[in-house]
Structure formats: structure tokens, C-alpha cells
Amino acid sequence: MTAESPKPGSVHATPALPAGEPVWRALLGSTVAGPLVALLLACLVFSLGTRTFLRAENISLIFQQSVVVGTLALGQTLIILTAGIDLANGSIAVLGMVVMAKYVVEGGDPIVALLLGFVVCMVMAAISGTIVSRFNLPPFIVTLGMLTAIAASTRLYSSSASYTVPPSLLTWLGNSIKVGGATVPYSIFVWLALFAVAHYALTQTAAGRHLFAVGDNIEAARLAGINVRRTLLSVYVVAGAIYAIGAWEALGRIPVADPNGYSTANLDSITAVVIGGTSLFGGRGGVFGTLIGTLIVAVLANGLTQANIDSLYQQVAIGILVIVAVAVDQLVRRRRAS
Amino acid sequence: MTSRQALTAAAEAGQPPTPILEARGLVKHYGHITALDGTDFDLRPGEVLGLVGDNGAGKSTLIKALSGAIIPDAGEIFLEGNRVNFQSPHDARAAGIETVYQDLAVAPALDIASNIYLGREVRRKDFFGLVFRKLDYGYMRETSTRHLMDLGIGLKSVRQSMETLSGGQRQAVAVARAAAWGRRIIIMDEPTAALGVRQAGQVLELVQRIRARGLAVVLISHNMPQVFEVADRIYILRLGRRAAVLRPQDTTMADVVSIMVGAIGGDVPARGQGAATPPTATPPGYSLTPFDPSGS
């Protein structure tokens, strides 16, 4: 509180409302600034260091390699923002893929198959969400259990066999258009559109504010009259729907539903979220950071390959980045708390 | 009739006004611990009621019952003479009772305006608001700014996140949020506990400004000088029961503390003496306000 007490009345009498913060300044103050600089730096280094990096088809490839994990990371972001974590997202998406593919391979209608995939993914995520919100169990343990159970169930359901999907609605997202010499599959547009929608929902709607509040201080959210349980459950269900879209994108990229596929997608998605600056403690961050985080991982993988560097170095670099990102978050939180 | 008019009218009639909030015989058990043991309570329109008691006397339980955060095992609560049955803080808020909790129920990473409007966000009235449920940040920020200024709380911008504020500023925003939405009663649990002297003084000023707006305030505090400074009446809770209700001008801090810790009796029987025991006599030199709110 300042010493002088401003007179009530005109809002414009004090500098309380800065008129339209410039974009660069809003960016600087946000959690996105660091990841964005890292991404641009990586792109710059690889553009100068290799001849192939900056080519249109290579950029398109980077996006294609990012889509599935990036979509799972989007759902993951929503859950991490509530101070949760979802270790089961990859296994949920794989189950969705297998259910869709098996249904079509056995002669079912692709539209029904797609709907079935969505229902399965949303129900699985809803189970996690229900247990977390109703019984207050730690999401880490709940989704670890779900991961194990779903992965095994998927193998039982598929008899550990892979299903190759014939071209149909299920592979439709793999179709592409030409943009300046590069092939761009529909899935990339879907992915980017999902981020835009999620960003809008998080920052411009009451539901988004409530999600942040629940992750930030669950007790405060409850006392403010927010239905915490319903908010949590709906976040998991929405994440489940996003995982289903991820499964659909995956079939578009490689039309094979392999029950053993995407086994590290859960950790990869967490990596993308964390590198993107979203706090594992909840309430801070956003999906734009996750978009950047996903791209950082993909750019490092791609660029180091272009530069003929052993891909193991990429993993070393990613590992270091994750730790740096968490350390920065911890530092920010501690400095703000004091 | 506003609460202030009611107060004036009642003062002219020479008797205390009808309580705006009243509780009779509240009981709350936690396992084998009895937090509230048949507690009576009354809050008059437009007053600041200081609620004091030793640790474990049941202060927090009492205000939780009054604000809907817990449901008492027995007893009745009346709001302006009408029986109410709060099932959740939401019900109490809908009835115009706002609570500022001790642990400062704010979301630190959200900005001030978002915290003031948390759970009560305002959507835009246009196409975007109706179809895309877009929030009206401009409106919420503007009204938050005006409201804070009306209460004399000077902050740089309502777009600052709560965690950038000092403890006193955070408390001020929490109190302002309650004042913004509370139509009848504001309950504050230890609003100055974590604050320095200057900041505590500012929060107390805020309490007085809220009273000046005609709202009734229940103020829990351990700090006797603060209670004596702002309270119109002091309610002393001991062992889950009303020990005494005093006016600060009729008593001293030492006496209040003595009643609080049971060194001298209040005007209700201590626990264990049985309900049949008549109230202990008012100790010499203590003028206690009457129990029965309708009495004189």
C-alpha cells in the first residue's frame, strides 16, 4: 500500500491501468520468454551450422515429428496446470489407436471407429480424473496405475498384434497440402488449431481461470465457490479427448496401431511441458510454452541429426534442458514467494 | 430499511436492534473433541464485533459454522431473524456473508482483478461473450481498480499478480474482495496476524471503512489493543461457549484476557458445572451486556 490514499472516483486519475501493454513486454514477463529464446537460438545455430536445416521440407518434417507428442503434451499441460501429472496419456492414446484400428480392420465403419476411439480415451482419462478429484489421491500414483493397467489391457485386447489401417477417415489427417515446396499434413493444422483453442480457453474464459486457480491454490479456489471436483474431472476428460485426437494424428502419420508403440510418449510430453516453462507445481505456465517446448525437443533432435552428431547427445541436451527449466521455475517461485 | 437506519431506529427506541446474524446452541464435535458446546452468538447491524478467545476456544469453528464452511451438529442460525441452513460457503455468500480466511485464500499466481472476481467472473455482453464465453477483463479490471480506490487501497495495477504484493497488500486485497461481494456481513479471521504494525493499522482502517458502509463485521483477533481500537462489542469465547459479551468502554484488556483464560468467570457456567447451574454472578466492576439480544 502506498502512503497516499487515492480519492475514489475517476479510474484514469492513477496509472492503475496501463493502456495496452506492448506484446514484447508481456512476452518478456511471461514464462514463455526463456523457452522462446532457446528455440530461436537452436534454430539459428542449426541454420548456420548445417545446409539442410532451414529447408522448407525439413521444417515441415520437424513439425510432423512434433505433432503426436505435441498433442499429448497439450493435454498434459492442462493436467499439470492443475498441479497434477498424467503418466497414462501415451497408453490412453495407444489404446484409442488400437480400438479404432481393430474396429476398422474387422470391417467396422471408420466414423464409428473414430467415435469409439474418442469415447475410450475420454472414459480412461475420466477414470483417472474421478479417482484424483473424488478421493484426493496423488495424480502421479493414480496415472502410474492407469498406465500399467491400460498398457496391459491394450495388449490383451489386441492379442499383442498390430493393426494396419487401410486408407480411410482414420488416416485422413495424414493427407497433406503443398505449402511452398513442403508437404504439410492436415494433422499439423489440427495441432496448431488445438493450441489456439486451448490458449483461448485458458486465458479468456472463466473455465480457464478456474483451472489456473485450482492448480495455484486449491483451497482458495474452493472457498471462492469454484467447484473444484468438477473442474478437475473436466480437465481430465478434455485431456482425454485431446489424446484421442493425438491417436487420430498418429494413425495419419503411420497407419499402424501398435500396442507397443509410443511407450515413452508420456515422459516426452512431460519433457515438452516442462521445457515450455509450465510449473510442475501447477497454476503457472500455458499451452504456448508447451508448443515451443515440443518444438525445442524436435529441433534439437533434427538439427543434431543434420549435423551428423550422435543422437545420444540430443538426449543429453534434452535432459539438461529439463533440469534447467525446473531450476528456473523453482527460482522464480522462490523469488516471488519472498 | 438499511442496516444503518435500523441501527439508528433501534438506538432511538432505546434497545438493541434485531441481530443481523444470530446463532443459538451451536454444537460441533470433532471426534471426541467438542469445539462448540452450545454456543450462542449475535451480531448487530453495522457493528464491528471483536471475537476473542484462547487457542482452541472454538473461534475458527464458530465462524466456519456461520460462514457455511462446516455444518454444526446441532443449533440454529438466523439471518435477520430468518432461520438459515448453510450447506456450503456458497450458501452463506449467496446470503451476503463474506469471509476472509486466516490463511488468505487467494491464488498467488493470478492477478489482483482475477482474484477479486475469482468464481464470479464477468463475461462480455457481446457476441464473443455469448458464443465464445469471453471474459470482460476490461470491466473486471476497471471495477476492481475503482473498488480498491474507494476503500483507500493504493496499488500500482490490478494486473499485478498477488505474489508481487506485500503481506499487508495481499490482506487488503482479500478484505476488499470480501467487502466487494458481502452485502450484509464480513467475517475476518485474524486479518492482522501476519502483519507489521503499520500494515495492521491500515487493515484496521479498512475495517472501519467497511463498517462505515453499513456492513457488520466479525473480527477475530488475538491482538487486544486492536480489538479495543475497532470493536463496538467484544465477544469472549471460552471452551466452546460464550463467556461474555462486553463493550470496550466498559472493560479493560486485562479483564477480557482474564475471562478468556477463565481466571475470572464470565456470565455463563463453565463446562462441567452442568446446565442447571445458574450463571455465575458478574464479577464486581464488570458490566456485561445482556445475553438475550431482545432484552435491555
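Residues numbered from 1 in each chain as written. Chains lettered and ligands numbered in written order. Predicted model: local features only at pLDDT ≥ 70, side-chain atom pairs only at ≥ 80, totals over all residues.

Draft legend 1. Summary view of the nonpolar core. In this structure, Ala93, Met100 and Cys121 of chain A together with Val217 and Leu219 of chain B are the most contacted members of the largest nonpolar core, which totals 182 residues. Taken domain by domain, this core gets at least three of its residues from each of domain 1 (6–108 + 168–220 + 231–261) and domain 2 (110–160) of chain B. Among residues more than four places away in sequence, those in contact with Leu219 of chain B are Val48, Leu49, Gly50, Leu51, Met188, Val207, Val230 and Ala231 of chain B. (Core = buried A, V, L, I, M, F, W, Y, C linked by C-beta atoms within 7 Å. Buried ≥ 20, exposed ≤ 12 C-beta atoms within 10 Å, placed from the backbone. Domains from an automatic or database assignment. Contact = placed C-beta atoms within 7 Å.)

Draft legend 2. The sheet that holds strand S9 (residues 233–238) of chain B, seen in detail. Residues and elements named next belong to chain B. With mixed pairing, six strands are arranged side by side in an open sheet as S6-S7-S8-S3-S9-S10. Sheet topology places strand S6 (97–100) and strand S10 (241–246) at the edges, where each strand pairs with a single neighbour. The mean inter-strand angle of the sheet, taken between neighbouring strand axes irrespective of direction, is 20°. Where S6 lies against strand S7 (residues 185–189), four bridges are found, and the strand directions are parallel. Bridge pairing in S7 links Glu98 to Ile186. Helix H2 (residues 59–66) contacts strand S3 (48–53), S6, S7, strand S8 (216–220) and S9 of the sheet and is inclined by roughly 150° relative to S7. Contacting S6 and S7, helix H7 (residues 167–181) crosses the sheet at an angle of about 175° to S6. (Pairing = 2+ DSSP bridges. Helix = DSSP H or I, 4+ residues; strand = E, 2+ residues; numbered from the N terminus. Axes fitted to C-alpha atoms, helices over the stretch in contact; angles between N-to-C directions.)

Draft legend 3. Expanded view of the confidence of the model for chain B. All names here are of chain B. Summarising the model, chain B shows a mean pLDDT of 83, and 84% of its residues fall at 70 or more. Confidence drops under a pLDDT of 50 for residues 268–296, and excluding neighbours within four residues, the segment shows 38 contacts in the predicted structure. Listed scores for the predicted complex are pTM 0.83 and ipTM 0.80. (pLDDT = per-residue confidence, 0-100.)

Draft legend 4. Looking closely at unusual backbone geometry. All names here are of chain A. In this structure, Ser159 takes a positive phi of about 50° despite not being glycine. Structurally, Ser159 is set in the loop between helix H6 (139–158) and strand S1 (163–164). Of the residues examined, Ser159 has 8 C-beta atoms within 10 Å and is grouped as exposed. One non-glycine residue, Asn308, lies in the positive phi region at around 60°. Here Asn308 shows up in the loop between helix H12 (287–306) and helix H13 (311–337).

Draft legend 5. View of the interface of chain A and chain B. Listed by partner, the interface residues are 29 residues for chain A and 34 residues for chain B. When residues of the side of chain A that touches chain B are traced back to their parent elements, those giving at least two are helix H8 (206–216), helix H9 (218–223) and H13 of chain A. Broken down by element, the residue count for the side of chain A that touches chain B peaks at five residues, all from H8 of chain A. Grouping the amino acids of the side of chain A that touches chain B by side-chain chemistry returns 16 nonpolar, seven polar and six charged. (Nonpolar A, V, L, I, M, F, W, Y, C, P; charged D, E, K, R; others polar.)

Draft legend 6. Representation of the domain arrangement of chain B in the model. All names here are of chain B. Per the domain assignment, the segments making up chain B are domain 1 (6–108 + 168–220 + 231–261) and domain 2 (110–160). The centre of domain 1, based on its C-alpha atoms, is set 28 Å off from the matching centre of domain 2. Contact with domain 1, which involves 12 residues of that partner, is made by 12 residues of domain 2. Only H7 and helix H8 (197–212) provide two or more residues apiece to the side of domain 1 that touches domain 2. When residues of the side of domain 1 that touches domain 2 are assigned to their parent elements, the largest contribution, eight residues, is made by H7.

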